[in-house]
Amino acid sequence: VEALMSGTSLAGSPVVAVSAVTGAGIGELRSLIFREAGSLASRQTENRRFRFAVDRVFSVTGSGTVVTGTVFSGQVRVGDQLVVSPANVPVRVRTIQVGKKAADAVIAGQRCALNLAGPDFSKDAIARGDWVLDEALHRPTSRIDVSAKVLHAEGNELRHWMPAYLHLGTAAVTARVAIRRGEKVRGGEARIVQLVLDRPIGALHGDRFVLRDQSASRTLAGGVVVD
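Predicted, not measured: the structure shown is a model, and the values here were computed from it.

All right, on to the overall build of the chain then. Within the chain, the regular secondary structure consists of two helices and 17 strands. Considered along the principal axes of its C-alpha atoms, the chain spans approximately 55 × 50 × 30 Å. Nonlocal contacts in the chain, meaning residues at least 24 apart in sequence, comprise 61% of its contacts between residues at least 6 apart. Summing over all exposed atoms, the chain offers an accessible surface of approximately 13200 Å²; the carbon and sulfur share of this is 50%. Placing the 29 positive and 21 negative side-chain charges of the chain at their respective mean positions leaves the two points 2 Å apart.

Let's shift gears to the pairing of strand β13 (residues 171-178). Summarising the sheet, strand β12 (residues 163-168) and β13 pair through six bridges and their orientation is antiparallel. By the bridge assignment, leucine 168 is partnered in β13 with alanine 171. The pairing of β13 with strand β15 (residues 190-201) spans four bridges and is classified as antiparallel. Counterpart to arginine 176 in the pairing with β15 is valine 196.

Each value, and the rule that gives it
- Residues numbered from 1 in each chain as written.
- Predicted model: local features only at pLDDT ≥ 70, side-chain atom pairs only at ≥ 80, totals over all residues.
- Heavy atoms only, no water.
- Helix = DSSP H or I, 4+ residues; strand = E, 2+ residues; numbered from the N terminus.
- Contact = heavy atoms within 4.5 Å.
- Areas by Shrake-Rupley, 256 points an atom, 1.4 Å probe, with all protein chains shown as cover.
- Lys, Arg positive; Asp, Glu negative; His and termini not counted.
- Charge placed at Lys NZ, Arg CZ, Asp CG, Glu CD.
- Pairing = 2+ DSSP bridges.

Shown next as structure tokens:
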């Protein structure tokens, strides 16, 4: 495992031998997971604005619209005013649930359910792939510059204006790859390219993404949003 991780972002990570039969090593593994999770949450919460990726939307009788998803950054409390993006619909957090239990607040790294309300808000105003966030982060775009690394696999390459599927947060949107005409980015290579999306999404500097082929059956590349 250490050899496989060498040269990747996971190089030097702790490796714990565990047994699902005897339970050996599970306690140590659990401690390491909690330590790493706590560190990530604090880094993404301090001085960061709230950003929540929506993966499910449904209605609850007597409560209205509820969304579930993951807090990417910041924290939110009951009563906070936010915006649904990219639709730009103001909402208020009525209630919060974590693991089917009521909570007053949630922070980065937590999964939760938010009960949202607003004068112009309805279940039709939000869908999987949208964000619920601080108004200052509402900057939807249909063009993003990215640092993309093409997977070193047979046939993998990026060509100018080739169609692809972009996965960012919980959004999946068709896109075109824009590079210098006639040039290619081959397997194993990394390059700054532009992605021209078929519809606007929320994307910020530092967001990670995955690029798949037109049929969404093969992973072509991954990387980070630059602008």
